[in-house]
Amino acid sequence: MVHFYLTDVLTDVAVGDTARVFGLEARHASTVARVQIGEVIALGDGKGIVVQGEVLSTTAATLAVAVTDVTVTPPREPSLTLVQALAKGDRDEMAVQAATELGVDRIIPWQADRSISRWSGPKAERGLERWQIISREAVKQSKRPWVPVVSPLADLRDLETLVTEVRTVILEPTATDGLGKFVNMLKAPVRGEGGKFRAKPVPDLAIIVGPEGGVAPRELAALVAAGATPIKLGDEVLRTSTAGPAAIAVLSLLLKRWG
């Protein structure tokens, strides 16, 4: 399997150029993965560019690669945002990892009423950094061309604002409708000029996932009032670590983000 590393210096890199990786990524390649001269690896900038090539040299400080292929991948549409409530243990981190591997575009940590884990002060900074690291590592594991944006910690008021900007669903086991019906409604054709029906573009979407105890009634009421739509995934009640990634996988198929 070809190793995959992230670097910020791939803009304007072409076939025949030498691409370089510095810092921790180079150190990991040389001392942990033990990448060898002549080995073929891939490099990504996290912004859609992925190059592949043969290793020319490797040290603890720098990894040099002779570029033999360059691929530029545009962002997937519509974009998907996961609003993940903080959860006990590592369940929220599991959701971040899986959602990244499945193609989420943005991740927002949410301090929900029922979140047992609490971020404040320096802990909020450390928690955000931890989620960013988990997301980057998941990108390298899955060889994604895009690194998701991990936004700062949000509260209910922040989510109410988000709902006014992005079409949003709340994963709620007591909801009546499922994702299939919701997507069919989004994709329903509209009547255009001359009375002809035309397909309308599906908007960017956000998925809100509560903590272990679910979204509190006051939060659910506030978000629905702001315009969010409660949706259930099925008859089963999923863990907070599973619900978001499951929704992203379903949406990726229904919206043809996956081929």
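It should be emphasised that the depicted structure is a prediction, and the values quoted were computed from it without experimental measurement.

Definitions and cut-offs
Residues numbered from 1 in each chain as written. Predicted model: local features only at pLDDT ≥ 70, side-chain atom pairs only at ≥ 80, totals over all residues. Heavy atoms only, no water. Domains from an automatic or database assignment. Contact = heavy atoms within 4.5 Å. Buried area = accessible area lost by both parts, 1.4 Å probe. Salt bridge = Lys/Arg side-chain N within 4 Å of Asp/Glu carboxyl O. Helix = DSSP H or I, 4+ residues; strand = E, 2+ residues; numbered from the N terminus. Nonpolar A, V, L, I, M, F, W, Y, C, P; charged D, E, K, R; others polar. Pairing = 2+ DSSP bridges. Axes fitted to C-alpha atoms, helices over the stretch in contact; angles between N-to-C directions. Core = buried A, V, L, I, M, F, W, Y, C linked by side-chain atoms within 4.5 Å. Buried < 20%, exposed > 50% of the residue type's maximum accessible area, 1.4 Å probe, protein only. Parallel < 35°, antiparallel > 145°, perpendicular 65-115°, else oblique. Left-handed = near helix turned anticlockwise from the far one by under 90°. Patch = residues over 30% accessible without salt bridge, like charges linked within 9 Å, V, L, I, M, F, W, Y side chains within 5 Å. Areas by Shrake-Rupley, 256 points an atom, 1.4 Å probe, with all protein chains shown as cover.

Student: For this particular structure, what's the right way to read the domain arrangement of the chain?
Tutor: One widely used convention gives an interface's size as the accessible area the parts lose upon coming together. Along its sequence, the chain is organised into domain 1 (4-72) and domain 2 (80-255). The C-alpha centroid of domain 2 is placed 33 Å from the C-alpha centroid of domain 1. On the domain 2 side, the residues contacting the ten residues of domain 1 number eight residues. Of the roughly 770 Å² buried between domain 1 and domain 2 on both sides combined, carbon and sulfur atoms contribute 64%. The largest contributions to the domain 1 side of the interface with domain 2 come from Phe 4, Leu 6 and Gly 46, which together make up 63% of the buried area. Taken together, the links from domain 1 to domain 2 amount to one salt bridge. Broken down by element, the side of domain 1 that touches domain 2 gets its largest block of residues, three residues, from strand S1 (residues 4-6). Residue composition of the side of domain 1 that touches domain 2, grouped by class: five nonpolar, two polar and three charged.

Student: Would you mind going over unusual backbone geometry with me for this structure?
Tutor: Negative phi is the rule for most residues except glycine; trans is the rule for most peptide bonds. Here the bond from Glu 77 into Pro 78 is cis, since omega is -10°, no more than 30 degrees from zero. In this fold, Pro 78 is placed in the loop between strand S5 (62-72) and strand S6 (80-85). Although it is not a glycine, Asp 12 adopts a positive phi angle of roughly 70°. Although it is not a glycine, Arg 34 adopts a positive phi angle of roughly 55°. With respect to the helices, strands and loops of the structure, Arg 34 is situated in the loop between helix H1 (23-32) and strand S3 (40-44).

Student: Where do I start with the sheet that holds strand S7 (residues 106-110) in this structure?
Tutor: As a general point, the strands of a sheet are linked pairwise by backbone hydrogen bonds and lie either parallel or antiparallel. Read from one edge of the open sheet, six strands run S8-S7-S6-S12-S9-S13, paired in parallel fashion. Where the open sheet ends on each side, the last strands, each with one partner, are strand S8 (149-150) and strand S13 (229-231). Relative to strand S12 (residues 205-209), S6 is paired through five bridges, and the arrangement is parallel. Note on S12: the bridge partner recorded for Gln 84 is Val 209. Running over the sheet, helix H4 (residues 156-165) touches S6, S7, strand S9 (167-171) and S12 and is turned about 150° from S7. Set on the sheet, helix H5 (residues 179-187) makes contact with S9, S12 and S13; between it and S9 the angle comes to about 170°.

Student: I keep staring at the side chain of Ser 241 and nothing clicks. Help me out?
Tutor: With respect to the helices, strands and loops of the structure, Ser 241 is situated in helix H7 (residues 240-254). In contact with Ser 241, not counting residues within four places along its chain, are Arg 91, Met 94 and Ala 95.

Student: Quick question: what am I supposed to make of the nonpolar core here?
Tutor: Across soluble globular proteins, you tend to see nonpolar side chains buried next to one another. Counting residues in each nonpolar core, the largest one holds 28 residues, and the members touching the most others are Trp 131, Phe 182, Leu 205, Ile 207, Ile 248 and Leu 251. For this core, the secondary-structure elements that each account for two or more residues are S6, helix H2 (91-102), helix H3 (122-142), S9, H5, S12 and H7. Beyond its immediate chain neighbours, meaning those up to four positions away, Leu 205 contacts Ser 79, Leu 80, Thr 81, Val 166, Arg 167, Phe 182, Leu 186, Leu 251 and Leu 255.

Student: I'm lost on the packing of H2 against H7 in this one. Help?
Tutor: Any two packed helices are characterised by how steeply their axes cross, that is the angle between the axes, and by the distance between the axes. Two numbers describe how H2 lies on H7: the axes approach to 7 Å, and their chain directions differ by 15°. The angle between H2 and H7 places the two elements in the roughly parallel class. For the element pair H2 and H7, the recorded crossing hand is right-handed. Along its contact with H2, which presents Arg 91, Met 94, Ala 95, Ala 98, Ala 99 and Leu 102, the element H7 presents Thr 240, Ser 241, Pro 245, Ile 248 and Ser 252. A per-class count over the contact of H2 with H7 returns seven nonpolar, three polar and one charged.

Student: What exactly am I supposed to notice about a nonpolar patch on the surface here?
Tutor: A surface patch of nonpolar side chains, amounting to about 260 Å² of accessible area, comprises Val 15, Val 70 and Val 72. Checked against the element boundaries, Val 70 lands in strand S5.

Student: Explanation requested: the pairing of S9 in the structure shown.
Tutor: It is a general feature of regular strands that their side chains alternate between the two faces of the sheet. S9 sits mainly inside the fold: four of its five residues count as buried. Sheet topology places S9 next to S12; four bridges connect them, and they run parallel. Looking at S12, one finds that Val 169 is bridged to Ile 207.

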